[in-house]
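# Tertiary structure, described
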Amino acid sequence: DQQVKQNSPSLSVQEGRISILNCDYTNSMFDYFLWYKKYPAEGPTFLISISSIKDKNEDGRFTVFLNKSAKHLSLHIVPSQPGDSAVYFCAASGGQGAQKLVFGQGTRLTINP
Amino acid sequence: DTGVSQDPRHKITKRGQNVTFRCDPISEHNRLYWYRQTLGQGPEFLTYFQNEAQLEKSRLLSDRFSAERPKGSFSTLEIQRTEQGDSAMYLCASSPTRDINTEAFFGQGTRLTVV
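Because the structure is predicted, anything quoted here is derived from the model rather than measured. (Residues numbered from 1 in each chain as written. Chains lettered and ligands numbered in written order. Predicted model: local features only at pLDDT ≥ 70, side-chain atom pairs only at ≥ 80, totals over all residues. Heavy atoms only, no water.)

Residues other than glycine predominantly adopt negative phi, and peptide bonds predominantly adopt the trans conformation. Between A:Val78 and the following residue, A:Pro79, the backbone shows a cis peptide bond with an omega angle of -10 degrees. Looking along the chain, the bond that leaves B:Asp7 and enters B:Pro8 is cis, with omega of -5 degrees. For B:Pro8, the position within the fold is in the loop between strand 1 (5-7) and strand 2 (10-13). At A:Ala41, a residue that is not glycine, the phi angle is positive and equals roughly 65 degrees. Along the chain, A:Ala41 turns up in the loop between strand 4 (30-38) and strand 5 (45-51). (Helix = DSSP H or I, 4+ residues; strand = E, 2+ residues; numbered from the N terminus.)

Right under this line is the structure:
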C-alpha cells in the first residue's frame, strides 16, 4: 500500500521558469511533510517541510503548499536553476509511526538551459 | 562534525555471505534510522533507535537482518546469508529529539551488490 505517491516520474522545465512537483498521500494521520532532494550517489538532502497546521511554507526559491482536504502537497521552485536538477522525494510522518518517514517514489527534475 | 557518516560506501558480496554496515550519526542526535532504497523507489523504513533502544522495526526487516546501537552512539546493520534481493542502497539517518516533528539528516549510503 503506497501511502505517499508521486505520480510524475520525471519533469522537464526551462531554466528561469517555475517547477511544480506534486505529491499525494492517503493516510489522514500524517501531520508533517517534507521534501528531500537527491543527487546521484549521495543521500537525500532535506529541502523544506510543512506541518499540518499550516497550508504554506516558504524558504527562498522554494515554497511548499499543503491541501489537507485533498491530501495533496506541492513544491514550487521559482526561478528554476540548472543546479536544481535532481530527484525530489516527498515524505510524510505522523500517526502510529510518528518517528519514521514514509517516502514517495520520487520525481526526476531536469532544468534545461 | 560533518554529518552522518556511513561505511563502507560500496560493498560487493557473494550470495550467502554476511555483511555489516556502520553508521555514525550527528553527535548530538539521539534518534537513528535505517532505510533501504531500491532503483526507482523512495527510501523504505527499516528500523529506528532512540539512544540505544530499538523502538520500531519494519516487516521488511526479516530475521536475517539485525541492527544494533550500543551505547547510543554509532549503529551497525548486519545482513546474514545475503540474497540477491538484498541488493540496494542502505541509508542511515539521524535526527535530534528536541521536537516531535523534525527533519532527518541522511548519510551518503552504502550500496550493496549481491552477486
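Okay, back to it.
Moving on: the nonpolar core. It is characteristic of soluble globular proteins that their nonpolar side chains tend to be buried jointly. Residue and element names in this part refer to chain A. Counting residues in hydrophobic clusters, the biggest one holds 24 residues, and the most contacted among them are Val-4, Phe-33, Trp-35, Leu-73, Leu-75 and Tyr-88. Listing elements by their share of this core, those giving two or more residues are strand 3 (19-25), strand 4, strand 5, strand 7 (62-67), strand 8 (72-77), strand 9 (86-94) and strand 11 (107-112). For this core, the leading source of residues is strand 9, giving four residues. Once residues lying within four places of it in the same chain are set aside, the contact partners of Leu-75 are Ser-19, Ile-20, Leu-21, Trp-35, Leu-47, Ile-48, Phe-62, Thr-63 and Tyr-88. (Core = buried A, V, L, I, M, F, W, Y, C linked by side-chain atoms within 4.5 Å. Buried < 20%, exposed > 50% of the residue type's maximum accessible area, 1.4 Å probe, protein only. Contact = heavy atoms within 4.5 Å.)

Residues and elements named next belong to chain A. Residue placement: Arg-17 occurs in the loop between strand 2 (10-14) and strand 3. In this structure, the C-alpha to C-alpha distance between Arg-17 and Lys-54, residues 37 residues apart in sequence, is 26 Å. Those residues in contact with Arg-17 that lie beyond four places of it in its chain are Ile-77, Pro-79 and Ser-80.

Okay, a nonpolar patch on the surface next. Residue and element names in this part refer to chain A. On the surface, Ile-18, Ile-20 and Val-78 cluster together to form a nonpolar patch covering roughly 230 Å² of accessible area. With respect to the element layout, Val-78 can be found in the loop between strand 8 and strand 9. Classification of Val-78 as partly exposed rests on a relative accessible area of 44%. (Patch = residues over 30% accessible without salt bridge, like charges linked within 9 Å, V, L, I, M, F, W, Y side chains within 5 Å. Areas by Shrake-Rupley, 256 points an atom, 1.4 Å probe, with all protein chains shown as cover. Salt bridge = Lys/Arg side-chain N within 4 Å of Asp/Glu carboxyl O.)

Residues and elements named next belong to chain B. Overall, antiparallel pairing links the four strands, which are arranged 1-3-8-7 in an open sheet. The open sheet has two edge strands with one neighbour each: strand 1 and strand 7 (65-68). Averaged over all neighbouring strand pairs, the angle between strand axes comes to 15 degrees, with direction disregarded. (Pairing = 2+ DSSP bridges. Axes fitted to C-alpha atoms, helices over the stretch in contact; angles between N-to-C directions.)

This paragraph deals with the packing of aromatic side chains. One pass over the structure, following the stated rule, counts 13 aromatic pairs over all chains. On the numbers, 5.5 Å between centres and 50 degrees between planes, the contact of B:Tyr35 with B:Phe106 is tilted. Here B:Tyr35, found in strand 4 (residues 31-37), pairs with B:Phe106, found in strand 10 (residues 105-106); they are 71 residues apart in sequence, far enough to count as distant. Judged by relative accessible area, which is 0%, B:Tyr35 ranks as buried. Residue B:Phe106 is classed as buried on the basis of its relative accessible area of 10%. The structure contains a cluster of three or more aromatic residues connected by ring pairs, namely A:Tyr36, A:Phe46, A:Phe89, A:Phe103, B:Tyr33, B:Tyr35, B:Phe45, B:Tyr48 and B:Phe106. (Phe/Tyr/Trp six-rings, centres within 6.5 Å; stacked < 30°, edge-to-face > 60°.)

This part takes up the pairing of strand 5 (residues 44-50) of chain B. All names here are of chain B. Most of strand 5 is tucked away: five of the seven residues are buried. Strand direction decides the pairing type here: strand 4 and strand 5, joined by six bridges, are antiparallel. Bridge pairing in strand 5 places Leu-32 opposite Phe-49. With antiparallel pairing between neighbouring strands as the criterion, strand 4 and strand 5 make up a hairpin whose turn holds six residues, including Gly-40 at a positive phi of roughly 80 degrees. In terms of strand pairing, strand 5 meets strand 6 (residues 53-57) through four bridges, oriented antiparallel.

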